[in-house]
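Understanding the architecture of this molecule
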Amino acid sequence: MPGSRNPLRLSICIATYNRAAFIAETLDSIFGQMSSEVELVVVDGASPDDTPAVVARAAVRYPAMRYYREKVNSGVDGDYDKAVGYALGEYCWLMTDDDVLVPGAVQRVLAALRENPDLVVVNSEVRNADLTVKLEGPRLDIYEDVEYGAHLSEDFFTRTATYLSFIGSVVIRREVWLARERKPYYGTHFIHIGVIFQSPAIGAAKVIAQPLIRIRNGNAMWTSRAFEIWGFKWPALLWSFGDFPESTKRSVCPREPWRGFNFLLFHRALGSYSMAEFRKHLGSIARGRARAVAWLVARCPAALANLAVSVYFGLFKRNSRAVLYEVLKSRHAGPASHLAARALGFDPR
């Protein structure tokens, strides 16, 4: 509640799995910003790699960190829900396990929490794999802080839902999270979206314009499943919210993105769409022209699709450097794609 006497204002909650190569840098970016108002909670979903050893070494330097290694993996949704359950702070920042905070990020969030919102949305910038080159920023295209009340929930949904697919942007009042439905959103990969946009509308929300997170692009755990997630799980979740009219939901995401040629070709270029996905997801539902297009794209050589998408983004989407970077990091990005990108003025390093 506003005015709570809990001295622990903020819990930074990380759910991790198989991030031994990256999580130390994430933790280092947080440790130097900790204060008596802040705790760090890490939930490890039974990682089979060296994540426990990496976190143990970090704990020597910061023993106040609380690390929970689960016996079984509950999925990203379940592990973030567990992290909030373990947290002791009034607010929980659902931080990612491979990205980093910019200096001063924690203090900036704490300042926003003094206004006692139910939700804070943190802006970010996108960088390359080693975080040395900025590809895009800010991801949420605003240049001053914005506040929303429950009466502006539709506008908030329209303006922020796509960006909020990035869970690291979410700082939410813990009691609000715990009071809302969560189990129905297990398996969606976006439990936070379900918590935020379910009915009734969440209360006061504040969006911080300044990018406070540096995202490590092209490092998503689900890249191989991107077609399923963005073509089915994500739209199914967004279209499940009954408080918003269809026109509003359509402005954020089509109900069936897989019907779009550009969507199919992009995922073919990434390698997340092939005949296997066609048979699994579209074989029994696609009809007529949509089926023919989906079949033809699935049969298209992935390297050719990658080249076509690289040229398209290089010519017509020059501001979408982060997307082009992801395309060029695909295993299907051959010499022709890289040569075309460089000829069009983009260095994919």
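Up top is the structure these notes are about.
Bear in mind that the values here come from a model prediction, so they are computed numbers and not experimental data. (Residues numbered from 1 in each chain as written. Predicted model: local features only at pLDDT ≥ 70, side-chain atom pairs only at ≥ 80, totals over all residues. Heavy atoms only, no water.)

Describing the pairing of strand 4 (residues 91–95)
With 5 of 5 residues buried, strand 4 is to be regarded as a mostly interior element. A two-sided burial pattern is seen for strand 4, the buried positions comprising Tyr91, Trp93 and Met95 on one face and Cys92 and Leu94 on the other. Looking at chain direction, strand 1 (residues 10–16) and strand 4 are connected through 5 bridges and run parallel. Bridged to Ile12 within strand 4 is Trp93. Taken together, the 3 bridges between strand 4 and strand 9 (residues 170–173) define a ladder with antiparallel strand orientation. By the bridge assignment, Cys92 is partnered in strand 9 with Ile172. (Buried < 20%, exposed > 50% of the residue type's maximum accessible area, 1.4 Å probe, protein only. Helix = DSSP H or I, 4+ residues; strand = E, 2+ residues; numbered from the N terminus. Pairing = 2+ DSSP bridges.)

Looking at the packing of aromatic side chains
Inspection of the entire model under this criterion finds 19 aromatic pairs. Look at Phe190 and Trp230: their rings are 5.4 Å apart centre to centre, the planes differ by 50 degrees, and that puts the pair in the tilted class. You can see Phe190 sitting in the loop between helix 6 (174–179) and helix 7 (191–197) and its partner Trp230 sitting in helix 8 (residues 226–238), a full 40 residues away along the chain. An aromatic cluster is built from Tyr148, Phe156, Phe157, Phe197, Phe241 and Phe244, whose rings are joined through pairwise contacts. (Phe/Tyr/Trp six-rings, centres within 6.5 Å; stacked < 30°, edge-to-face > 60°.)

A word on the pairing of strand 9
Because side chains alternate across strand 9, one face comprises the buried residues Val170 and Ile172, and the other comprises Val171 and Arg173, equally buried. Examined bridge by bridge, strand 6 (residues 119–127) and strand 9 share 3 bridges and lie antiparallel to one another. Looking at strand 9, one finds that Leu119 is bridged to Ile172.

Observations concerning the environment of Val84
You can see Val84 is positioned in helix 3 (residues 75–86). For the pair Val84 and Arg69, spaced 15 residues apart in sequence, the C-alpha to C-alpha distance is 15 Å. In contact with Val84, not counting residues within four places along its chain, are Cys13, Cys92, Leu94, Arg174, Trp177 and Leu178. (Contact = heavy atoms within 4.5 Å.)

Notes on the pattern of salt bridges
Under the criterion given, the structure shown has 21 salt bridges. One salt bridge connects Arg127 with Glu125, and the closest N-O pair in it is separated by 2.7 Å. Between Arg250 and Glu246 there is a salt bridge, and its shortest N-O distance comes to 3.5 Å. Residue Arg250 and its partner Glu246 are located together in helix 9 (residues 246–252), separated by 4 residues, close to a single helical turn. (Salt bridge = Lys/Arg side-chain N within 4 Å of Asp/Glu carboxyl O.)

Examining the side chain of Ser47
Looking at the secondary structure, you find Ser47 in the loop between strand 2 (38–44) and helix 2 (51–61). Given the relative accessible area of 1%, Ser47 is considered buried. A polar side-chain atom of Ser47 sits 2.8 Å from the main-chain amide nitrogen of Asn18. Contact partners of Ser47, with chain neighbours within four places excluded, come to Thr16, Tyr17, Asn18, Pro52 and Arg69. (Polar contact = N/O pair within 3.5 Å; in protein donor to acceptor, adjacent residues only side chain to side chain.)

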